[in-house]
Amino acid sequence: MTLMFVFRNIFTFVVLISLFFSTSAYPEVVKKVDVKGNERVSLESILIFGDIEIGKNYEETDLGTIIKKLYETNFFSNIELELKNNKLTLIVKENPIVNSLVFQGEETEKYKEKIIEFLETREKTSFVSSNIQNDVNRMKGFYRALGYYFVKIDADIEKLEKNNVNIIYTIDRGEKAKISKIYFLGDKKFRDKRLRDVITSEEARFWKFLSRNVFLNEQRVDLDKRLLKNYYRNKGYYEVEISSSNVEYAEGKGFVLSYSINAGKRYKFKKISAEVDKALDNTAFLALESEFNKLIGQNYSQTKLNKVMEKIDKLSEQKELQFINHEVLETLVGDGIEVKINIFEGKKFIIERINVAGNTVTNDSVIRGELLVDEGDPYSELLVNKSVNRLKARRIFSSVKRKTLPGSSEDLKVLLISVEEKATGEIMAGAGVGTEGTSFMFSVKENNWLGKGINLASSLSLSTETVSGNIDVTDPNYKFTGNSVTTSLFVSSTDREASSGFQSDKSGATLGTSFEQYENVYFSPSIDVVYESIESKSTASSKIQKMDGTYFNSNFTYGISLDKRDQSFQPTEGYITSFFQTLPIIQDSSSVKNTYNISGYHDFSEDIIGALKFQAKNVIGIDDDVRLTDRLYLSSRKLRGFVRGKVGPKDGSDWVGGNNILSLNAEAQLPNLLPEAYKTDFAIFADTANIWGVDYDKGIDDSSKIRSSVGVGANVLTPIGPLSWTYSQNITKASTDETETFNFNIGTSF
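Report follows, based on the coordinates. Model, not experiment: these values are computed from the prediction. (Residues numbered from 1 in each chain as written. Predicted model: local features only at pLDDT ≥ 70, side-chain atom pairs only at ≥ 80, totals over all residues. Heavy atoms only, no water.)

### A short note on empty space enclosed by the protein
The tally for this structure, following the rule as stated, stands at two cavities of 30 Å³ or more. Along its surface, the largest cavity is lined by 14 residues, and Phe190, Arg194, Glu606, Ile609 and Pro671 are the ones closest to its centre. Grouping the constituent residues of the lining of the largest cavity by class yields four nonpolar, three polar and seven charged. The volume enclosed by the second largest cavity comes to roughly 40 Å³. (1 Å grid on protein atoms, 1.4 Å probe; cavity = no way out; pocket = protein on both sides within 12 Å on 5 of 7 lines; lining within 4 Å. Points joined across faces, edges and corners; volume = space filled by probe spheres on them. Nonpolar A, V, L, I, M, F, W, Y, C, P; charged D, E, K, R; others polar.)

This is how it looks when you write it as structure tokens:
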């Protein structure tokens with residue numbers, strides 16, 4: 001019986017093989033094509049889509065290829081094919097056409113537009129039922145990226161006449177997913193408090209009702225990971241790994257966001273060298289040697305290395321080496337990093353055309369105005385990269401990409417700049433309370449007003465003494481010069497009757513600009529027009545009361561600053577120095593004001609960051625005594641341990657400020673003094689200052705005496721916002737000064 005079973009199987013196999021070869025061994029020539037069931041798709045289109053040729057021999061495998069090609073068009077839901085007697089017959093069933101897409105539950109037009117861009121099934125295309133679930137999944141991914149992790153989406157198909165359908169999506173976004181906790185795990189080296197300052201995501205708190213950063217957003221989480229990696233690399237942790245970000249949901253509490261960090265070893269620059277291509281003149285880059293030597297022995301920093309690359313770019317521009325390119329090779333050697341910079345000549349071609357894509361709100365001129373290359377210019381990799389960085393720095397695009405495409409000839413290229421726009425509006429509020437009183441701030445900002453790349457900002461501030469408001473309009477690239485121009489309208493009311501015996505109201509306008517004149521040297525001139533009224537209290541001295549009245553001023557102010565800090569936010573190395581001077585143009589009571597500042601920073605270790613700050617200010621009356629509102633007062637940040645506004649010369653019971661100020665502040669931040677669980681950063685400080693000079697009455701004691709204090713301060717992250725306090729002890733003071741031992745402030749932004 002087993003033998004019979006084997007013979008039967010062999011016989012069946014032979015018959016099947018014979019049938020296969022009998023059908024494929026005799027191809028037929030297609031002399032005629034007949035299509036049935038088609039209503040919208042013509043016979044000619046079917047011939048083209050299926051690559052069907054009259055007079056061509058077709059085997060069985062060719063017929064399968066035809067069916068596959070026709071299915072790929074998405075025009076048909078079913079296809080039957082038969083080749084017999086030289087006639088090819090196709091029986092097709094067409095897919096319905098999508099008449100319209102309806103999004104029920106979604107009222108935001110920009111969201112609808114974004115959704116339509118990535119849907120596979122759109123209006124006037126073929127309806128393929130299997131694609132609908134894919135589109136629903138894409139939509140859910142879109143909403144989750146916005147923070148709507150509980151979104152529900154249903155798709156219903158409405159059948160219409162003539163084989164048309166409507167697709168109706170019912171969308172229930174649900175509540176936005178809030179971040180209840182943020183954790184930094186692993187070998188992180190730095191405290192959570194410092195790392196929270198690096199990332200953009202925030203823990204949800206009841207007072208942060210205006211902040212968008214408290215909602216879980218995939219794109220923001222990815223940005224946080226990049227920011228963390230850059231932060232660690234700039235601190236010397238070259239091999240840092242931000243391996244994953246874990247998101248967990250706690251019922252009724254929100255999402256817990258965890259970043260896993262492995263900082264690894266800290267590296268220093270061990271050797272930096274430049275390898276210049278033999279085809280280039282290496283003398284143009286000899287000046288780099290001194291820049292390299294400055295970095296050797298310092299902690300590795302991507303920012304510092306980027307500054308060296310910028311110097312190479314500038315040298316290339318000065319020598320008109322348009323086609324110069326460079327690459328950086330970094331090698332770990334022991335506890336150091338050896339950096340080799342290869343400088344070579346890139347491919348030579350001309351930019352035939354620049355195309356801009358992806359901008360639906362932003363004007364083309366805003367994007368092109370940031371480009372350092374133009375149509376007809378030699379293609380420079382350096383300038384193109386700098387152009388992309390300039391566009392990113394505008395903070396109106398979530399992504400900026402560039403691509404070179406073939407031009408009309410081999411030596412011509414098309415430069416494509418692709419951008420992805422993002423929300424550019426910001427609303428922020430803040431409040432604080434402390435020993436110096438309460439304060440409140442509210443501001444609204446738009447970074448891309450009318451799509452012109454203009455920054456529009458308005459704010460309102462209230463404190464114990466002052467109420468002020470302003471509207472600022474800034475064009476960051478005025479007339480495509482690369483310089484920013486700002487126009488401001490402002491109004492304020494100040495009440496200093498309790499401390500200085502007067503109150504004043506101001507309103508006016510300012511026009512100014514700011515630009516980098518030389519490397520790290522910034523120049524900022526401005527002109528203002530101000531109307532002011534001053535009213536003194538009845539108990540003030542006669543000479544203070546003589547300053548009552550209204551004044552019209554027009555001043556010219558300019559500032560020059562040199563910034564050599566390693567970073568503008570929380571610097572740890574370098575210095576910044578500046579000089580500002582205000583000169584009268586039209587003024588009822590003319591005065592000249594001068595201000596000089598210098599601040600230096602040094603990172604002694606991970607546990608101690610030192611800062612030394614010096615300030616000198618002076619105001620001089622020209623045709624009259626210095627007006628009350630132009631007199632100088634010591635900031636509480638410059639002299640801790642003294643009551644703000646109650647230091648310096650005193651006229652009767654009123655502190656009237658001085659004509660001159662000097663201050664010197666030394667501070668050491670101790671971020672790791674307490675265990676991290678206390679969420680507290682400490683600092684010790686020593687302040688020294690002097691305020692003196694009363695030009696309107698020589699009989700008043702000008703109070704020229706050195707004031708000094710020492711103390712300790714702390715910043716504490718509390719459940720209701722950051723708390724800062726100082727405990728200080730004055731060492732020297734004038735008899736007219738009022739002191740305080742303890743000062744605190746607690747507040748936050750919403």
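### Some remarks on the sheet that holds strand β17 (residues 412-421)
Read from one edge to the other, the open sheet built from three strands follows the order β15-β17-β16, with strand pairing classed as mixed. Where the open sheet ends on each side, the last strands, each with one partner, are β15 (350-357) and β16 (397-406). For this sheet, the mean angle separating the axes of adjacent strands, direction not counted, is 20°. With nine bridges joining them, β16 and β17 adopt antiparallel strand pairing. What sits directly across from Pro406, in β17, is Lys413. Packing against the sheet, helix α11 (residues 381-393) makes contact with β16 and β17, and its axis sits at approximately 155° to β16. (Pairing = 2+ DSSP bridges. Helix = DSSP H or I, 4+ residues; strand = E, 2+ residues; numbered from the N terminus. Axes fitted to C-alpha atoms, helices over the stretch in contact; angles between N-to-C directions. Contact = heavy atoms within 4.5 Å.)

### Topic: the nonpolar core
Within soluble globular proteins, side chains that are nonpolar tend to cluster in buried spots. Counting residues in each nonpolar core, the largest one holds 23 residues, and the members touching the most others are Phe285, Ile341 and Ile343. For this core, the secondary-structure elements that each account for two or more residues are β12 (268-276), α8 (288-295), α9 (302-318) and β14 (336-345). Looking at this core, the element that brings in the most residues is α9, giving five residues. For Ile341, the contacting residues outside a window of four places in its chain are Ile272, Ser273, Ala274, Glu275, Phe292, Val308, Met309, Ile312, His326, Glu327 and Val328. Residues Ala177, Phe184, Ile242 and Ala263 belong to the second largest nonpolar core, which totals 21 residues. (Core = buried A, V, L, I, M, F, W, Y, C linked by side-chain atoms within 4.5 Å. Buried < 20%, exposed > 50% of the residue type's maximum accessible area, 1.4 Å probe, protein only.)

### Thoughts on the pairing of strand β26 (residues 574-587)
One ladder, built from eleven bridges, connects strand β25 (residues 549-563) with β26; its direction is antiparallel. Along β26, the bridge assignment pairs Thr557 with Thr582. Across nine bridges, the pairing between β26 and strand β27 (residues 591-603) is antiparallel. Note on β27: the bridge partner recorded for Ile576 is Ser599. Here β26 hands over to β27 after three residues, the two strands then running antiparallel side by side.

### Some words on unusual backbone geometry
Unusually for a residue other than glycine, Lys162 sits at a positive phi of about 55°. Assignment of secondary structure puts Lys162 in the loop between β7 (152-159) and β8 (164-172). A relative accessible area of 72% means that Lys162 is categorised as exposed. Even without glycine at this site, Leu450 takes up a positive phi of about 60°. In this structure, Leu450 sits in the loop between β19 (437-449) and β20 (454-463). Residue Leu450 is classed as exposed on the basis of its relative accessible area, which comes to 56%.

### So, a nonpolar patch on the surface
A cluster of nonpolar side chains, contributed by Leu511, Ile527, Val529, Tyr531, Phe552, Phe556, Ile585 and Ile586, occupies part of the molecular surface with about 690 Å² of accessible area. Contributing elements (two or more residues each) for the nonpolar patch: β24 (521-536), β25 and β26. No other element matches β24, which puts three residues into the nonpolar patch. Within the secondary structure, Phe552 sits in strand β25. Note on Phe552: relative accessible area 37%, which makes it partly exposed. (Patch = residues over 30% accessible without salt bridge, like charges linked within 9 Å, V, L, I, M, F, W, Y side chains within 5 Å. Areas by Shrake-Rupley, 256 points an atom, 1.4 Å probe, with all protein chains shown as cover. Salt bridge = Lys/Arg side-chain N within 4 Å of Asp/Glu carboxyl O.)

### Section: α8
All buried positions along α8 are accounted for by Leu288, Glu291, Phe292 and Leu295. Projected down its long axis, α8 carries its buried residues within an arc of 100°, all on one side. Note on α8: the residue one or two positions beyond its end, Gly297, has a positive phi of about 95°. (Arc of directions from axis to C-beta.)

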